[in-house]
Amino acid sequence: MYGRTGRCLRVNLTKGKHLVEEIAPELLDKFIGGRGLGVKVYSDEVDPQTDPLGSENKLIFVSGPLVGTGAISGASCNVVTKSALSGTIACAKMRGHFGAELKFAGFDMIVVEGRAESPVILSILDDKINIRPALEYWGRSTSETEVMYKENLDDKWAARETHLVSVGPAGERLVPLANVINDGFLSVGGAGIGAVMGSKNLKAIAVKGNHSLLIADGDRFVRVVTNLINKLNSAPFTSHSMSAWGSAFFIDLCYQKGMLPQKNFQSAAFVDSKDIGTEALSNTFALRSSGCFACPIACIKKTAVNYPFFKGKGMAPTYWAIGALGLNCAVRDMATIGIAHMICAEMGLDPIAAGGTVATAMELVEKEIADRDSLKLEFRFGQGEDLLQALTLMATKKGHAKRIGKGGQALAEEYGQSKRFMGVKGLSMAAFDPRAIQGMGLHFATSNYGPHHLYAYTFIEEVLGVHEELDPLTTEGKPELVKRYQDMAAIMDSLGLCNWPLMGLKFNNLVPMINSCLGTEYRADDLLRIGERIWNQERLYNMKAGFDHTHDTLPERFLKEPIPDGPAQGQISKVDEMLPRYYDIRGWSEKGEPRAETLEALEL
Ligand code: SF4
């Protein structure tokens, strides 16, 4: 079996038992692996009405077939479950080295079931599988967990090659904003997943292995990969911008186009990006480049901070962190944003969801709907100390932070102000104002995982203009663009490929690498069709969980209030205008339900 191990590790924490299973080849043909396989197995095994924090819920970690093979950016491991924040199916993308190590340990997938009686760590080390007591780890931050686990291993060389995914205090305390963190500092974008892992009393999973993977046509694979690396190394965004600053390089571009939200999406004014853009990032932090397994782009920027009140190492702020924890809370100090980002990683909080919640609270205070007495914390736009205090408290569920820890939607509803929550399907919006980037707005409204950019990279065309220069303000051709990028993300996640190389390559360029690795003869359209199948499978699950076309929308602010300032002043989102066409090209009814003939054609 090329690229894959074909094996699944099923772990039942209630019984303290595990089982090794073969993965059915038909499933791999139809759903490839990674996200597709995880979504299919999850949909088949978990009732859509299940309580995300109940012991019946399952948590799946699954690597795609290209992960660990040396395919460029073949590093992506997906985490599939039902989100404790949104109630939709969730599929978070894990970067770094965990996914490849899982394959080397002999597994494509881990299915975690049940709930341990007390905290445990699942360790899969060189064919030895153990569920170990982990009481002494409980309450520790994610980086402490990483360090302590490795220190406790006798073999120090093995410790260096061991990779962990863990929850922080937020996940342990079932905070719905919690995510999981791998390699001690990499945030796995998926609010609500950490709470599911915490509900199982599963503090961490550690993997290390030394199995090898088979490549169908090794000579051709090496030639094709070399060629792709050369292409990436000569494309401007992948050879320079991403390597120098990571996604933070979008700041200057998005700011100039008026799509970078400020003050809970109340403003998009362009002031001067020098205190918040790449210049500020380089001036504030000593940046060290780091990459995921087999990735020549190396967009992960590590750094260390050393202030009297906070010392730590971790990831420098990304675009999404600067947007959510910085500008959207009107905090413009890069050092504070960096600390906030590290607190999120240490505590296991999703930075977009946490920042969106704080911004909601700040607007409620600004409009005098809530005050310090009712929130038990100051929430003033622009005050970095309020932000840092709120993050720590919401992760530890102390005092009134219990309320804000439930997320921006629950908070806004509590004050009868749901219109002040800037999110979709319970999840806060990533830092793109959908009024200034119409395609992304349509994606935010229709995404199976809420308004997250990672599931359709339309900004590659709408902002960067890499393959086609599209005006972000027009709606023409956007339903087609959104469908294509949603399907593309679904298949790339399933193969285990990071989507960022699309900033330097076309999807078609990747097909020879995929075929030479797997021994297949796919055309690009065949793969996009599988991506479409996966998108529809997710949609079906969400429909059974209670979501319908009424959830395919954006907050009122984007539909009715024109952007008040900045380069995109006067724009509103035209999502309602684009939605019928989007449903039509997806083969869905006007109520957003896949038609019988669509499902039949997709073999669903
Ligand atoms: S582009 Fe960045 S996130 Fe993607 S695989 Fe490479 S280093 Fe990892």
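Given the structure is predicted, the values throughout are model-derived calculations rather than measurements.

Caption draft 1: The arrangement of the overall build of the protein in detail. A tally of helices and strands in the protein yields 26 helices and 17 strands. Here the protein has a C-alpha radius of gyration of 22 Å; the compact-globule value for 604 residues is 25 Å, and the two agree. Taking the principal axes of its C-alpha atoms as reference, the protein extends roughly 60 × 55 × 45 Å. A total of 604 residues make up the protein; the buried ones form 65% of that total. Across the protein, every contact between residues at least 6 apart in sequence was considered, and the portion connecting residues at least 24 apart equals 70%. Accessible area of the protein: about 21000 Å², with a carbon and sulfur share of 49%. Counting 65 positive and 71 negative side-chain charges, the protein places the averaged centre of each group 3 Å from the other.

Caption draft 2: Looking closely at the pattern of salt bridges. If you walk through the whole model with that rule in mind, you get 33 salt bridges. In this structure, the salt-bridge partner of Glu 161 is Lys 208, at a minimum N-O distance of 3.7 Å. With Glu 161 in helix α5 (residues 156–161) and Lys 208 in strand β12 (residues 202–208), this residue pair connects regions lying 47 residues apart in the sequence. By relative accessible area, Glu 161 is classed as partly exposed at 41%. Judged by relative accessible area, Lys 208 falls into the buried class, the value being 6%. Among the ionic pairs, Lys 425 bridges to Asp 552, the shortest N-O distance being 3.4 Å. Linking Lys 425 in the loop between β16 (423–424) and β17 (427–428) with Asp 552 in the loop between α23 (524–544) and α24 (556–560), this pair joins segments that are 127 residues apart in sequence. Overall, the relative accessible area of 2% leaves Asp 552 in the buried class. Salt bridges sharing partners connect three or more residues here, namely Arg 10, Glu 21, Glu 45, Lys 58 and Glu 113.

Caption draft 3: Examining the environment of Gln 571 more closely. Along the polypeptide, Gln 571 turns up in the loop between α24 and α25 (575–586). Not counting chain neighbours up to four residues away, the residues in contact with Gln 571 comprise Arg 435, Leu 473, Glu 561, Pro 562 and Ile 563.

Caption draft 4: Structural detail: the pairing of strand β2 (residues 17–22). The pairing of strand β1 (residues 7–12) with β2 spans six bridges and is antiparallel. Of the residues in β2, the one forming a bridge with Arg 10 is Leu 19. Remark: four residues form the turn of the hairpin made by β1 and β2, two consecutive strands paired antiparallel; Gly 16 in that turn has positive phi of roughly 70 degrees.

Caption draft 5: Representation of the nonpolar core within the structure. Ranked by internal contacts, the top residues of the largest apolar core, which has 156 residues, are Phe 250, Leu 349, Phe 432, Phe 459, Phe 507, Leu 510 and Met 513. Excluding residues that lie within four positions of it along the chain, Met 513 makes contacts with Leu 66, Ala 71, Ile 72, Phe 221, Val 224, Val 225, Leu 228 and Leu 497. In this structure, Ala 105, Val 165, Val 167 and Met 197 belong to the second largest nonpolar core, which totals 31 residues.

Caption draft 6: Structural context of the sheet that holds β2. One open sheet holds the six strands; their spatial order is β2-β1-β6-β3-β4-β5, and the pairing between them is mixed. The open sheet terminates on both sides in strands that have one partner only, identified here as β2 and β5 (89–94). Neighbour to neighbour, the strand axes of the sheet diverge by 15 degrees on average, direction disregarded. As judged from the four bridges shared by strand β3 (residues 59–63) and strand β6 (residues 109–113), these two strands associate in the antiparallel manner. From the neighbouring strand, Phe 61 faces β6, where its bridge partner is Ile 110. In the packing of helix α2 (residues 34–45) onto the sheet, contacts are made with β1, β3, β4 (77–82), β5 and β6, and the angle to β3 comes to roughly 155 degrees.

Caption draft 7: Up close: the layout of surface pockets. Of the voids in this model, the largest pocket is the one considered here, and its volume is about 570 Å³. Considering the residues around the largest pocket, the lining is formed by 23 residues, among which Glu 146, Asp 183, Gly 184, Phe 185 and Lys 302 are closest to the centre. Elements represented by at least two residues in the lining of the largest pocket include exactly α4 (142–151), β13 (288–290), β14 (300–307) and β15 (310–315). Residue assignment places the lining of the largest pocket across two domains, with domain 1 (7–208) and domain 2 (236–428) each supplying three or more.

Caption draft 8: Structural detail: the side chain of Gln 486. Structurally, Gln 486 is set in helix α21 (residues 478–495). Gln 486 gets classed as buried once you look at its relative accessible area, which sits at 0%. Not counting the four nearest positions on each side in its chain, Gln 486 is found in contact with His 443, Thr 446, Ser 447, Tyr 455, Ala 456, Trp 535, Tyr 582 and Arg 586.

Caption draft 9: Representation of the site of the ligand within the structure. Taken together, Ser 73, Arg 95, Gly 291, Cys 292, Cys 295, Ile 297, Ala 298, Cys 299, Cys 498 and Trp 500 make up all the residues around the ligand. Here the residues of the shell around the ligand are counted per class, giving seven nonpolar, two polar and one charged.

Caption draft 10: Here's a closer look at the packing of aromatic side chains. Applying the stated criterion across every chain yields a total of 23 aromatic pairs. When the ring of Tyr 457 is compared with that of Trp 500, the centres are 5.1 Å apart and the planes differ by 90 degrees; the resulting orientation is edge-to-face. Residue Tyr 457 is located in the loop between α19 (438–446) and α20 (459–462), and its partner Trp 500 is located in the loop between α21 and α22 (507–518); the two are separated by 43 residues in the primary sequence. In this structure, Tyr 457 and Trp 500 share a single accessibility class: buried. The rings of Phe 237, Phe 249, Phe 250, Tyr 319, Trp 320, Phe 432, Tyr 457, Phe 459 and Trp 500 are connected pair by pair, giving a single aromatic cluster. Residue placement shows Lys 93 over the ring face of Tyr 455; its charged tip is 4.9 Å from the ring centre.

Caption draft 11: Spatial organisation of the sheet that holds β13. Here three strands make up an open sheet; going across it, the order is β13-β14-β15 and the pairing antiparallel. Here the strands that pair on one side only, and so sit at the sheet edges, are β13 and β15. Here the strands of the sheet are splayed against their neighbours by 20 degrees on average, with no regard to which way each runs. Pairing between β14 and β15: six bridges, direction antiparallel. Residue pairing for β15: Tyr 307 is matched across the bridge by Phe 310. Relative to β15, helix α13 (residues 334–347) is tilted by about 75 degrees, and along the sheet it contacts β14 and β15.

Cut-offs used in this document
- Residues numbered from 1 in each chain as written.
- Predicted model: local features only at pLDDT ≥ 70, side-chain atom pairs only at ≥ 80, totals over all residues.
- Heavy atoms only, no water.
- Helix = DSSP H or I, 4+ residues; strand = E, 2+ residues; numbered from the N terminus.
- Rg over C-alpha atoms; globule rule 2.2 N^0.38 Å.
- Buried < 20%, exposed > 50% of the residue type's maximum accessible area, 1.4 Å probe, protein only.
- Contact = heavy atoms within 4.5 Å.
- Areas by Shrake-Rupley, 256 points an atom, 1.4 Å probe, with all protein chains shown as cover.
- Lys, Arg positive; Asp, Glu negative; His and termini not counted.
- Charge placed at Lys NZ, Arg CZ, Asp CG, Glu CD.
- Salt bridge = Lys/Arg side-chain N within 4 Å of Asp/Glu carboxyl O.
- Pairing = 2+ DSSP bridges.
- Core = buried A, V, L, I, M, F, W, Y, C linked by side-chain atoms within 4.5 Å.
- Axes fitted to C-alpha atoms, helices over the stretch in contact; angles between N-to-C directions.
- 1 Å grid on protein atoms, 1.4 Å probe; cavity = no way out; pocket = protein on both sides within 12 Å on 5 of 7 lines; lining within 4 Å.
- Points joined across faces, edges and corners; volume = space filled by probe spheres on them.
- Domains from an automatic or database assignment.
- Near = heavy atom within 4 Å.
- Nonpolar A, V, L, I, M, F, W, Y, C, P; charged D, E, K, R; others polar.
- Phe/Tyr/Trp six-rings, centres within 6.5 Å; stacked < 30°, edge-to-face > 60°.
- Lys NZ or Arg CZ within 6 Å of the ring centre and 35° of its normal.

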